[in-house]
Amino acid sequence: MKLTEDDIYRKSSQYKHWSFTPTQLALLRQKTNVQACERVKANVARQRAQRAANALEGFNSASDSERANTPGENGSGNGTPSANGNGNGGDTPLRPDKEVDCLTVAEEMRLVDKFCETVLALAAFIGAPADVTATAIQFFRRFYLYNSPMTYDGQVVARTIMFVACKTDNFSITLDEYIAKVGVTRDQILAPEYLIVQALRFNFEVKHPFRGLRGVHLELGEMLSGSWMGMPFDERSKEQRKQQLLRLPKRAGGKEDNMTERDFGKRLEYVYGLASKILKETAQLTDAYFLYTPSQIMFAAQLLADEPVTMFYLNTHIPSPAIYPSSPYNKIIDTIRACALLLSSHHSYTASSVTPEEKAAKDKQANQEIKALLKKLKQCRDPDKIDLVKLNQAHKRDAVHAGELEESKAKRRKIAREDAEKQADDFWGAELHKK
Amino acid sequence: MGASPAVSPRPGLPPAKPSANASIKAKTLAILNNSRAIGAPDGLSRATSPGGDAQDLAEQMNDDVRNQFVAGTKLGEGTYAVVYRGHFREDPTKLVAIKKMKLNVEYRDGITMDSYREMKYLQELSHPNIISLFAVFTSKDQNISLVLEHLPKGDLEGLWKDSKISYTREDIKAWSAMLCQAVWFCHENYILHRDIKGNNVLIAADNTLKLADFGLARSFSEPGRNMTCNVITRFYRPPELLLGAMHYGGCVDVWSTACVIAELATRNFFLPSETDLQQLTVITDLFGSPTEADWPGVSSLRHWEVNFKSAPPKRPQPLSHWKQRLPLMGEDGIDLLRAMMAMDPSKRLSARETLKHPYWTNMPRPTKKENLPGMGGGEQKMGEDLKRPGGQIDSGRTDKVARKLDFGGK
C-alpha cells in the first residue's frame, strides 16, 4: 500500500484552506479590505466624537497631566504607542475632521510584502533554519488574508508569528531567549497569539518545496553518473541519457554544448544553489504558495535557475503527447511556466540581464513608495487595535467577568429548577412508600 | 450505537451564544476607549461605543465554528485539559468530545507545544483508525477547544485489563490490523506519533480502533537534524531511544505498536519496568545484549558504554519462550512481533512492511468489527484518556521526563 503525493496533498489543510484561484484570492482580499476600512472609519468617527465631548468637558475639569500627555504621544507615534494613550495624535482636533483615507487592496499587499521581508530579517537574526523561516512567512501571509495591516500592525504580528512558527516547527527557543534577542516584553509577544492562531484557522502545517528540490538534485546526479533507471516509457539507455545531458545548451535556445562530467556536476551544484535561494526568498515573498503546489513552485524555481536542465528532467518524467496523447505534459509545463513568471516578476528576483545600476534604481523607487505607504498607513490605523497588550488584558478581564456572570446565572437557574421540582412534588403529594 | 440517552446539554452549562462574545467585545472596547472618560458625567461615550458586531473575519469564522457545537456533561478534568461530551447543534444524535485545553501554569510561553502539535497533526490526518478532529475554536476566555470524535468504548489497555471480557486470537488480529493501519497512515504522511500505547488507542461505538493523543508527534526530521530521544512512555520506548539516539524514524512507533499487540495477547504489560535504566535491562533480558555484529553502530550511541561496556553479555530468549508466552499470536503472529521488535532499528519492519506480513492473510481470519467484544460505559475512560498528557503511565505514576523535550541540541 502506498499513498501518492497527490493523495496526501489533497487532504492537507494547505490544499483545503489555503489554495486559491487568482479570482478567489482577489475577492477574499477585497472583502477583508472593505471590512477593515468600514471599521477604521467607524472607530475614528467614534473617537472624534468622544474627544469632542471630552474637550467640551475639558474646559471645566480636564486634569493638567492629561493635557500634558497629548503632544508627547504625537512625537513618539512610530508604531509603538505609549501605554497611556490610544495612539491617535493629540493634534487631530485642531484639524477639521476629514474622511479617513484608507489603504487600497494593492497598497495593503505592498505593505504585507514589505513586512514579509521584516520576518525574513527577524528569522535570520534569531538563526532560524530555512523551513522554520518559510513557515513563519507563510503564516504571516495567511494572517493578512483575513486581516488588514490597517487593523493589526505588521511589525507586532511579525514578531509573534515568528515565535509561533518556532513552536510549531520544533525550533527550540524559549520566550525569554526570544525576547532578549528581539528586544520586546513577554506580553508583546504573547498578547496577539490567540488572535493569530485563530486567523490561521488552527492550521499549522505548511508544505514547503525544499525537500523536493533536493530530490530532483539527487536524481539529476544519478542521471549524470549513468545510474538512473529511467521511466518505463523512456527507451533511451542510461548512457544515452547521460550523453544527452552533457550536450545540453547552457541556456534556453542556445547551441549544443559538450561538457565534461565534472563540469556538469558543478553546473548542477550551481543550479541547486540558485533554485534554493529563489525558494527561500522570492517564492516566500509572492503569492506562489496560495496559487501553486509545492512541486510546481520547486520546478518553477529550478526552471529559472537552468531551463535546459529542468526541461530535460521533466521530459524524462512526463511522456510527451506525441507518445501518449492523453499526457498532461502541456498542462504541467504551462503551470510551471506561469509560476516561474510570478516568481521572476517579484522585485527580489534579479534576472541576469538586469544591470546593478538598474536594480539600484528600481530598489530606490520601491523604497520611496513603501515610505509613502507607511506614512499613509499611520493616518488610517484602526485606533481600537493599536495596543494589543492592553486589548488582550481587557479581553481576559471581561471574559472572567462574563464567566462569573454565567456561573451566577447558572446557580440561579439551578435554584429555580429545584424549587420547581419541589413544588411539583408538593403538587402531586409526597412520594408513596414502597411496600 | 451513538444514540446515548443523554444527548441534550445540561441546563447548567449553557452553550456559547454569539451575542455573548459580541457584548464582551463591546465592553472591551468601551473599557479601552473610555479609560480617559471614566467618571465623566455625560453618557456620550457610552452611547457611541461601537456596535458589538464589528468583528474581524477571523473572529466571525471562529464564532461560526463554535456555534456548530453544543457542550454538555463534563467527562473528565486533568491538569492539562477538561473534556466535555457535546454534540452538533444541527444533529443532537451526532456526539462529539470537546477537549478544552487549560492554561498550563508550568509553561509560561503561551500556547503549549503539545497543543500546537495536536492541532497541527490531527488537522492533516484523516483516516478511519485515527481520531477525527472535527473543529478547533477559541472560547471567550481564550482557551483552545478541540472538537474530537466521541469514542465511548474505552481504550485497549482498559480492554485487556477488564477480566469480565474474554477475547480470542481472531479478535487480537482484528485490533492489531486497525492499529497497524493507523501507524502506517501517520508514517505515509511523514508524521511520527511518538507516544503509542494501549491507553492512547481508543474504541469507537462501532468497535473501530482510533489512535489518539498527538501531543508528542512531529514530522520526520530534516536529515541530519537532531531530535529528542526523551519521548514515548517508558514501557513502549525502543532500545535506540533508551541508548540516546537522536536520529530515528518511523521504527520507534513500530516498536511501541508491537508492545501494544503483545499486551493484548498476554493481557499484561509486556515490558514493564520501574526506571529507564531498568527498561533496557528488561528489553535485553528478552532480546539479548546488542552487539556491534548484529546492530552495527550501536556502540557509538551515547548511552552504550554505561550500559553494556563492562556488563556480561546476555543471550536472547529462544523462540520457545515466545511461544509459551504468546500462545494467542500463533507462529506467524510471533514472527511479525519479533520482526517489529528487531533491536537494530534498520532491521525492524517499517509500518508499510508490517501490513505485508502473512500474519494478516493467514488463517484464522480477523473478527469482523461488529462482532468484536467490548465494554460499555467507557465514556469516562475517554475523558480520562483525552485529558492526560502524553508520556504518562496510567497507574498514576507520572513519567514526567517524556514531557520535557530537550530537542537534543541543535
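Computed from a predicted structure; not experimentally measured.

Looking at the overall build of chain A
Phase 1 of the analysis: Secondary structure assignment for chain A yields 20 helices and 0 strands.
Phase 2 of the analysis: Taken over 435 residues, chain A has a buried fraction of 47%.
Phase 3 of the analysis: Within chain A, contacts between residues at least 6 apart in sequence are counted, and of these 74% link residues at least 24 apart.
Phase 4 of the analysis: Counting every atom, chain A has about 22700 Å² of accessible surface; 56% of that belongs to carbon and sulfur.

Here's the deal with unusual backbone geometry
Phase 1 of the analysis: That bond from Met 363 of chain B to Pro 364 of chain B is cis: its omega, -5°, falls within 30 degrees of zero.
Phase 2 of the analysis: Look at Asn 170 of chain A: it is not a glycine, yet its phi comes out positive at around 60°.
Phase 3 of the analysis: Tracing the backbone shows Asn 170 of chain A in the loop between α7 (154-168) and α8 (175-182).
Phase 4 of the analysis: Among the residues examined, Asn 170 of chain A registers a relative accessible area of 16% and is labelled buried.
Phase 5 of the analysis: With a phi close to 60°, Tyr 190 of chain B is a non-glycine residue in the positive phi region.
Phase 6 of the analysis: Among the secondary structure elements, Tyr 190 of chain B is positioned in the loop between α6 (169-188) and β6 (191-192).

Quick word on the side chain of Lys 99 of chain B
Residue and element names in this part refer to chain B.
Phase 1 of the analysis: Within the secondary structure layout, Lys 99 lies in strand β3 (residues 95-101).
Phase 2 of the analysis: On the accessibility criterion, Lys 99 (5% relative accessible area) is buried.
Phase 3 of the analysis: At 3.0 Å, the side chain of Lys 99 forms a polar contact with the side chain of Glu 118.
Phase 4 of the analysis: For Lys 99, the contacting residues outside a window of four places in its chain are Ala 81, Val 82, Val 83, Glu 118, Ile 144, Ser 145, Leu 146, Leu 148 and Leu 386.

A word on the environment of Thr 32 of chain A
Residues and elements named next belong to chain A.
Phase 1 of the analysis: Among the secondary structure elements, Thr 32 is positioned in helix α3 (residues 22-61).
Phase 2 of the analysis: The sequence separation of Thr 32 and Asp 382 amounts to 350 residues, and the corresponding C-alpha distance is 14 Å.
Phase 3 of the analysis: A distance of 2.6 Å separates the side chain of Thr 32 from the backbone oxygen of Leu 145, its partner in a polar contact.

A closer look at the packing of aromatic side chains
Phase 1 of the analysis: Summed over all chains, the structure comprises 23 aromatic pairs over all chains.
Phase 2 of the analysis: Ring plane angle 90° and centroid distance 5.2 Å describe the contact between Trp 160 of chain B and Phe 269 of chain B, whose orientation is recorded as edge-to-face. Here Trp 160 of chain B is found in helix α5 (residues 156-161), whereas its partner Phe 269 of chain B is found in the loop between α8 (251-266) and α9 (276-287), with 109 residues between them in sequence.
Phase 3 of the analysis: Taken together, the ring pairs in this structure connect Phe 140, Phe 143, Tyr 144 and Tyr 152 of chain A into an aromatic cluster.
Phase 4 of the analysis: When the ring centre of Phe 88 of chain B is taken as reference, the NZ or CZ atom of Lys 94 of chain B above it lies at 4.4 Å.

As for the domain arrangement of chain B
By a widespread convention, an interface's size corresponds to the accessible area lost as its parts come together.
Residues and elements named next belong to chain B.
Phase 1 of the analysis: Under the domain assignment, chain B is made up of domain 1 (21-149) and domain 2 (156-404).
Phase 2 of the analysis: Both faces considered, domain 1 and domain 2 share a buried interface measuring about 2400 Å² in area, 60% of it formed by carbon and sulfur atoms.
Phase 3 of the analysis: It is Leu 75, Tyr 121 and Asn 129 in domain 1 that bury the most area against domain 2; as a group they hold 26% of the surface buried on that side.
Phase 4 of the analysis: At the boundary of domain 1 and domain 2, one finds 1 salt bridge.
Phase 5 of the analysis: Scanning the region where domain 1 abuts domain 2 turns up 7 residue pairs in polar contact (both at pLDDT 80 or more).
Phase 6 of the analysis: Elements with a contribution of two residues or more to the side of domain 1 that touches domain 2: β1 (69-77), β2 (81-88), β3, α4 (113-124) and β5 (144-149).
Phase 7 of the analysis: With 6 residues, the single largest contributor to the side of domain 1 that touches domain 2 is α4.
Phase 8 of the analysis: Counted by class, the side of domain 1 that touches domain 2 contains 12 nonpolar, 5 polar and 8 charged residues.

Quick notes on the UniProt feature "domain: Cyclin C-terminal" (unreviewed entry) in chain A
Phase 1 of the analysis: When the UniProt feature table is mapped onto this chain numbering, "domain: Cyclin C-terminal" (unreviewed entry) sits at residues 208-343 of chain A.
Phase 2 of the analysis: Between the C-alpha atoms that bound residues 208-343 of chain A there is a distance of 15 Å. The span itself is 67% helix and 0% strand.

What about the UniProt feature "binding site: ATP" (unreviewed entry) in chain B?
Phase 1 of the analysis: Annotation from UniProt places "binding site: ATP" (unreviewed entry) at Lys 100 of chain B.
Phase 2 of the analysis: Apart from the residues lying within four places of it in its own chain, the contact partners of Lys 100 of chain B are Tyr 80, Ala 81, Val 82, Tyr 84, Ser 139, Asp 141, Asn 143, Ile 144 and Ser 145 of chain B.

Digging into the confidence of the model for chain A
In low-pLDDT regions, the fine details of the predicted coordinates are not to be read closely.
Residues and elements named next belong to chain A.
Phase 1 of the analysis: The share of residues in chain A with pLDDT of 70 or more is 80%, and the mean pLDDT across the chain is 82.
Phase 2 of the analysis: Looking over chain A, one finds the lowest element-wise mean pLDDT in helix α4 (residues 64-75), namely 41, and the highest in helix α15 (residues 288-291), namely 97.
Phase 3 of the analysis: When the criterion is pLDDT under 50, residues 62-94 qualifies, and its contacts beyond four places in sequence or with other chains add up to 31 contacts.
Phase 4 of the analysis: Across residues 424-432 the pLDDT falls below 50, and counting only partners more than four positions away or on other chains, this stretch makes 1 contact in the model.

Describing the state of the cysteines
Phase 1 of the analysis: Considering all chains together, one arrives at 0 disulfides over all chains under this definition.
Phase 2 of the analysis: Cys 186 of chain B takes part in no disulfide bond, and the closest cysteine sulfur to it belongs to Cys 180 of chain B, at a distance of 12 Å.

A look at the side chain of Arg 186 of chain A
Phase 1 of the analysis: Along the chain, Arg 186 of chain A falls in helix α9 (residues 186-190).
Phase 2 of the analysis: Contact partners of Arg 186 of chain A, with chain neighbours within four places excluded, come to Leu 175, Asp 176 and Ile 179 of chain A together with Arg 108 and Asp 109 of chain B.

Things to note about the sheet that holds β3 of chain B
Residue and element names in this part refer to chain B.
Phase 1 of the analysis: Pairing in this open sheet of 5 strands is antiparallel, and the strands run β1-β2-β3-β5-β4 from one edge to the other. One side of each edge strand has no neighbouring strand; the edge strands of this open sheet are β1 and β4 (133-138). Direction aside, neighbouring strands of the sheet carry axes that sit 25° apart on average.
Phase 2 of the analysis: Pairing of β1 with β2, which is carried by 6 bridges, proceeds in the antiparallel orientation. Paired with Val 70 across the strands is His 87, a residue of β2.
Phase 3 of the analysis: Its contacts with the sheet place α4 against β3, β4 and β5, and it is angled at close to 140° to β4.

Remarks on the packing of helix α16 (residues 294-305) of chain A against helix α18 (residues 329-344) of chain A
Residues and elements named next belong to chain A.
Phase 1 of the analysis: The geometry of α16 relative to α18 is characterised by a closest axis approach of 8 Å and an angle of 70° between their N-to-C directions. When the axis of α16 is compared with that of α18, the two are roughly perpendicular. In the packing of α16 onto α18, the handedness of the crossing is right-handed. On α18, the residues touching Gln 296, Ile 297, Phe 299, Ala 300, Ala 301, Leu 303 and Leu 304 of α16 are Thr 335, Ile 336, Arg 337, Cys 339, Ala 340, Leu 343 and Ser 344.
Phase 2 of the analysis: Its residues placed into classes, the contact of α16 with α18 shows 10 nonpolar, 3 polar and 1 charged.

Re the nonpolar core
Nonpolar side chains tend to gather and get buried jointly when the protein is soluble and globular.
Phase 1 of the analysis: Core analysis: the largest hydrophobic core is formed by 200 residues, its most contacted members being Phe 140, Met 162 and Tyr 178 of chain A.
Phase 2 of the analysis: At 12 residues, the largest contribution of residues to this core is made by α6 of chain B.
Phase 3 of the analysis: With sequence-adjacent residues up to four places away left out, Met 162 of chain A is seen in contact with Val 119, Leu 122, Ala 123, Ile 126, Ala 128, Val 132, Ala 136 and Tyr 178 of chain A.
Phase 4 of the analysis: In this structure, Val 82, Tyr 84, Ala 135 and Val 147 of chain B belong to the second largest nonpolar core, which totals 9 residues.

Concerning the pairing of β2 of chain B
Residues and elements named next belong to chain B.
Phase 1 of the analysis: Of all 8 residues in β2, 8 are buried; the element is thus mostly enclosed.
Phase 2 of the analysis: Summarising the sheet, β2 and β3 pair through 7 bridges and their orientation is antiparallel. When the sheet's bridge partners are listed, Val 83 is paired in β3 with Lys 99.
Phase 3 of the analysis: From the end of β2 to the start of β3, which pair antiparallel, there are 6 residues.

Definitions and limits used
Residues numbered from 1 in each chain as written. Chains lettered and ligands numbered in written order. Predicted model: local features only at pLDDT ≥ 70, side-chain atom pairs only at ≥ 80, totals over all residues. Heavy atoms only, no water. Helix = DSSP H or I, 4+ residues; strand = E, 2+ residues; numbered from the N terminus. Buried < 20%, exposed > 50% of the residue type's maximum accessible area, 1.4 Å probe, protein only. Contact = heavy atoms within 4.5 Å. Areas by Shrake-Rupley, 256 points an atom, 1.4 Å probe, with all protein chains shown as cover. Polar contact = N/O pair within 3.5 Å; in protein donor to acceptor, adjacent residues only side chain to side chain. Phe/Tyr/Trp six-rings, centres within 6.5 Å; stacked < 30°, edge-to-face > 60°. Lys NZ or Arg CZ within 6 Å of the ring centre and 35° of its normal. Domains from an automatic or database assignment. Buried area = accessible area lost by both parts, 1.4 Å probe. Salt bridge = Lys/Arg side-chain N within 4 Å of Asp/Glu carboxyl O. Nonpolar A, V, L, I, M, F, W, Y, C, P; charged D, E, K, R; others polar. UniProt positions renumbered as here; feature names shortened; annotations may be inferred. pLDDT = per-residue confidence, 0-100. Disulfide = S-S within 2.5 Å. Pairing = 2+ DSSP bridges. Axes fitted to C-alpha atoms, helices over the stretch in contact; angles between N-to-C directions. Parallel < 35°, antiparallel > 145°, perpendicular 65-115°, else oblique. Left-handed = near helix turned anticlockwise from the far one by under 90°. Core = buried A, V, L, I, M, F, W, Y, C linked by side-chain atoms within 4.5 Å.

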